[in-house]
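One letter stands for each residue in the lines below.
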Amino acid sequence: MARLVSFTEETTEEAAALLRAGALVSFPTETVYGLGANALDEGAVASIYAAKDRPSFNPLIVHVPDNETARRYARFSDLAERVAAALWPGPLSLVLPRTKDCPLSKLVSAGLDTVAIRVPASAPARRLLVAARVPVAGPSANKSGRLSPTEARHVADGFGDEVAMVLDGGTCVVGLESTVLDLSTETPTLLRAGGVTHEALEEVIAAPVSVAGVDDTAPKSPGMMSRHYAPRTPLRMNASEVKRGEALLGFGGNKGAVADLSPAGDLVEAAANLFRMLHEFDGEGYAGIAVAPIPESGLGRAINDRLRRAARG
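Residues numbered from 1 in each chain as written. Predicted model: local features only at pLDDT ≥ 70, side-chain atom pairs only at ≥ 80, totals over all residues. Heavy atoms only, no water.

A. Molecular detail of empty space enclosed by the protein. Taken as a whole and judged by the stated rule, the model has three cavities of 30 Å³ or more. Counted as a void, the largest cavity has a volume near 200 Å³. At the level of elements, strand S3 (33-38) and strand S4 (61-63) are the ones that each hand at least two residues to the lining of the largest cavity. Roughly 40 Å³ of volume is contained in the second largest cavity. (1 Å grid on protein atoms, 1.4 Å probe; cavity = no way out; pocket = protein on both sides within 12 Å on 5 of 7 lines; lining within 4 Å. Points joined across faces, edges and corners; volume = space filled by probe spheres on them. Helix = DSSP H or I, 4+ residues; strand = E, 2+ residues; numbered from the N terminus.)

Encoded structure:
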């Protein structure tokens, strides 16, 4: 089993030393638990891909403690500066051109001339990043294509001793991965829906934000592949009835639901519960998971994005 410890000042310093030494450390952010490695160390980054069974063409997100540090690795346009000032720290990753002579591992960018980077809102995560003194590549701490972890035990169950340490900071409050916004071209493009809504992005940018499609061959960011975030149990969306052997995951108080993402129909609560409840359903031996309809607005877009990718295949 992975070494699971409470997120304290002492363990933060120990985890920071492990990261500098090239080890893998899992840590919680406001979104999900990340699988962290020194983003300057090619070997450490390669160990992320190996542990996750992740295709090497799928880029990683680099985590830094503040906007100033982000500018060492990515080139910020005026628009990028405005977006970062408004929405960082927070559940938003920006895809930007790498700086000239950028020292980040080429693997974090999967060979592209861009990098996905973010400043997390979680104060403990930022303290870890300050203590580490290196940028940290931190994709979700799950095997490639599987459900993202929102609790430390999800990571420990998934990786065992492949991870040197799992910092337990409790349940992630957002529960969905970061939104990924591509600002490396003239047209702002949403690559992955997440904790910052499409509507919030357009309000800050004061212009329409286009939405990228699925990319299974050369994605510019995580979360663009068609099959992702999937439980082992078959899942279907927008269920109006339950088939034999299925369990209903409700929303808004559905009669007969085994569990409800939000009995009150609150999308923020539903997002926070999504992966945790899918993990629980996945271990119960159901023939299938039927998910009640979720509104396609606000955080509902990100929830439905995860469900669509989970249901494919």
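B. Structural detail: helix H6 (residues 152-159). When H6 is considered as a whole, its buried residues turn out to be Ala-152, His-154, Val-155, Ala-156 and Phe-159. Positive backbone phi, at 55°, marks Gly-160, one or two positions downstream of H6. (Buried < 20%, exposed > 50% of the residue type's maximum accessible area, 1.4 Å probe, protein only.)

C. Summary view of the pairing of strand S10 (residues 189-192). As paired elements, strand S9 (residues 179-182) and S10 share three bridges and run antiparallel to each other. From the neighbouring strand, Leu-181 faces S10, where its bridge partner is Leu-190. Connecting S9 to the antiparallel partner S10 that follows it, the hairpin turn spans six residues. By the bridge criterion, two bridges tie S10 to strand S11 (residues 210-211) in an arrangement that is parallel. Among the inter-strand pairings, Leu-190 is bridged to a residue of S11, identified as Val-211. Since S10 and S11 lie parallel, the crossover through helix H7 (residues 198-205) that links them has a hand, and here it is right-handed. (Pairing = 2+ DSSP bridges. Right-handed = clockwise from strand over helix to strand, strands pointing away.)

D. Representation of the nonpolar core in the model. Judged by nonpolar contacts, the single largest core of 47 residues is most densely connected at Phe-76, Trp-88, Leu-92, Leu-94, Ile-117 and Leu-181. Only S3, helix H2 (42-52), helix H4 (78-87), strand S5 (92-97), strand S6 (114-118), H6 and H7 provide two or more residues apiece to this core. No other element matches the five residues that H2 contributes to this core. Ignoring sequence-local partners within four residues, the contact set of Leu-94 consists of Phe-76, Ala-80, Val-83, Ala-84, Trp-88, Val-115, Ala-116, Ile-117, Leu-181 and Leu-183. Counting residues in hydrophobic clusters, the runner-up holds 29 residues, among them Phe-251, Leu-278, Ile-294 and Leu-307. (Core = buried A, V, L, I, M, F, W, Y, C linked by side-chain atoms within 4.5 Å. Contact = heavy atoms within 4.5 Å.)

E. Just the side chain of Arg-306, in detail. In this structure, Arg-306 sits in helix H9 (residues 299-311). Note on Arg-306: relative accessible area 1%, which makes it buried. A polar contact is formed between the side chain of Arg-306 and the backbone oxygen of Ala-193, at a distance of 2.8 Å. Setting aside residues up to four positions removed in sequence, Arg-306 forms contacts with Leu-176, Glu-177, Ser-178, Arg-192, Ala-193, Gly-194, His-228, Tyr-229, Leu-274 and Phe-275. (Polar contact = N/O pair within 3.5 Å; in protein donor to acceptor, adjacent residues only side chain to side chain.)

F. Representation of the packing of aromatic side chains within the structure. Within the structure shown, the criterion is met by two aromatic pairs. Ring centres of Phe-281 and Tyr-286 lie 5.8 Å apart, and the angle between their planes is 50°; on these two criteria the pair is classed as tilted. (Phe/Tyr/Trp six-rings, centres within 6.5 Å; stacked < 30°, edge-to-face > 60°.)

G. Representation of H7 in the model. The set of residues buried in H7 consists of His-198, Leu-201 and Ile-205. Looking straight down H7, one finds that the buried residues subtend no more than 60° of arc, so they occupy a single side. Looking at the buried side of H7, the elements it contacts are H4, S5, S9, S10, S11 and H9. Immediately beyond the C-terminal end of H7, within one or two residues, lies Ala-206, with a positive phi of roughly 60°. (Arc of directions from axis to C-beta.)

Interpretation in functional terms is not warranted from these geometric data alone.
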